[in-house]
Amino acid sequence: MSVGLLRRALTGLAAAATTSVVRGALDWQPPGGPARWTRRNHAGEPVSLLEGPAVTVGVLTGALSGATTAQGGLAAAVAVLGAGGFGLLDDLGEGGAEPTKGLRGHLGALARGRLTTGGLKVLGIGASAVLAAALLPRVGPRGRRTADVLVDAAIIAGTANLVNLLDLRPGRALKAAAAVAGPVALAAGPGAVPASAVLGAAVAASEQDLAETDMLGDCGANALGAALGTAIAQSGPRAVRIAWLVTVGALTVVSERVSFTAVIERTPALAAVDAWGRRRRPGRG
């Protein structure tokens, strides 16, 4: 099934417009007050987490408004709301002097019988990814459908986690998500609608993210990644989807031992892309 150019364009515009409007509304009256949404970024400067809910609502609006089937729209909604909702819970709820970090840390805490907000996020996103994958329109014998659901659920949850892992510097997660979503949207396959929604929301959020006044947080990064994972799960043939899943899994494992930021800073081409559009700091070229 081919998705028309007009539908893709309107999907992106709906996602961008909604992201901007919701972000402005939240800034006017942030739930619980501005302090509840303020964190310190990598440079120790205050940034707002309000970008996350705005991006989540923007992606959701775009994916629903452009959906070509009720099943596809519902699958995207479940993936985005699950990832964004549990990500928000982790953003606002994690406390303690030594908050557990990383997928391995959260799973380790679960194995010891301690449920952190991050551990709850892992379980919640995993469950919503399975439900979203089961809802995706599927053609083929029942046995193949079961295998596809498992692969697609892992793609949705794994991509949500990977985009979150990249949200360590201004604009990095947005650029990475847009770079993958672009070709999926251009291909005009069944996943073009959620991919276009990712592009629209990423563009709308980029100015304040790159200016270092906002950050996606777990809420926005997980929602963006889940939508991207849904797009890939819908568009790619099985071989492509498995290749993407292997790539996501490998990067996730590597991230537990290797700093993505260190690798990017040592690679001139990646460093240039990473820094593009970002606010210059005194004393830096």
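Shown above is the structure to which this text applies.
The rules we used
- Residues numbered from 1 in each chain as written.
- Predicted model: local features only at pLDDT ≥ 70, side-chain atom pairs only at ≥ 80, totals over all residues.
- Heavy atoms only, no water.
- Core = buried A, V, L, I, M, F, W, Y, C linked by side-chain atoms within 4.5 Å.
- Buried < 20%, exposed > 50% of the residue type's maximum accessible area, 1.4 Å probe, protein only.
- Helix = DSSP H or I, 4+ residues; strand = E, 2+ residues; numbered from the N terminus.
- Contact = heavy atoms within 4.5 Å.
- Axes fitted to C-alpha atoms, helices over the stretch in contact; angles between N-to-C directions.
- Parallel < 35°, antiparallel > 145°, perpendicular 65-115°, else oblique.
- Left-handed = near helix turned anticlockwise from the far one by under 90°.
- Nonpolar A, V, L, I, M, F, W, Y, C, P; charged D, E, K, R; others polar.

1. A word on the nonpolar core
Right, so step 1: Counting 34 residues, the largest nonpolar core has Val-55, Val-59, Val-198, Leu-216 and Leu-224 as its most contacted members.
Right, so step 2: Among the elements that take part in this core, helix 9 (residues 217-235) stands out by supplying seven residues, more than any other.
Right, so step 3: Setting aside chain neighbours within four positions, we find Val-198 in contact with Ala-177, Ala-181, Leu-224, Ala-227 and Leu-228.
Right, so step 4: Among the nonpolar cores identified, the runner-up in size contains 16 residues, and Ala-132, Ala-153, Ile-156 and Ala-233 belong to it.

2. Let's talk about the packing of helix 2 (residues 51-66) against helix 9
Right, so step 1: Packing of helix 2 against helix 9 brings their axes to within 7 Å, and their N-to-C directions diverge by 25 degrees. The pairing of helix 2 with helix 9 is recorded here as roughly parallel in orientation. As helix 2 packs across helix 9, the resulting crossing turns out to be left-handed. Where helix 2 approaches helix 9, its residues Gly-52, Pro-53, Val-55, Thr-56 and Val-59 are matched on the opposing element by Cys-219, Gly-220, Ala-223, Leu-224 and Ala-227.
Right, so step 2: For the contact of helix 2 with helix 9, the class distribution of residues is seven nonpolar, three polar and no charged.

3. A short note on the packing of helix 3 (residues 70-93) against helix 9
Right, so step 1: Packing of helix 3 against helix 9 leaves a shortest axis separation of 7 Å and a crossing angle of 155 degrees. Put simply, helix 3 runs roughly antiparallel to helix 9. Two packed elements cross with a definite hand, and for helix 3 against helix 9 that hand is right-handed. For the pair formed by helix 3 and helix 9, the contact residues are Gly-72, Ala-76, Ala-79, Val-80, Ala-83, Gly-84, Gly-87, Leu-88, Asp-90 and Asp-91 on the first element and Gly-217, Asp-218, Cys-219, Asn-222, Ala-223, Ala-226, Ala-227, Thr-230 and Gln-234 on the second.

4. Some remarks on unusual backbone geometry
Right, so step 1: With phi around 65 degrees, Ala-188 is a residue other than glycine that occupies positive phi space.
Right, so step 2: Relative to the helices and strands, Ala-188 resides in the loop between helix 7 (172-187) and helix 8 (192-210).
Right, so step 3: In this model, Glu-212 sits at a positive phi of 65 degrees, which is unusual for a non-glycine residue.
Right, so step 4: In this fold, Glu-212 is placed in the loop between helix 8 and helix 9.

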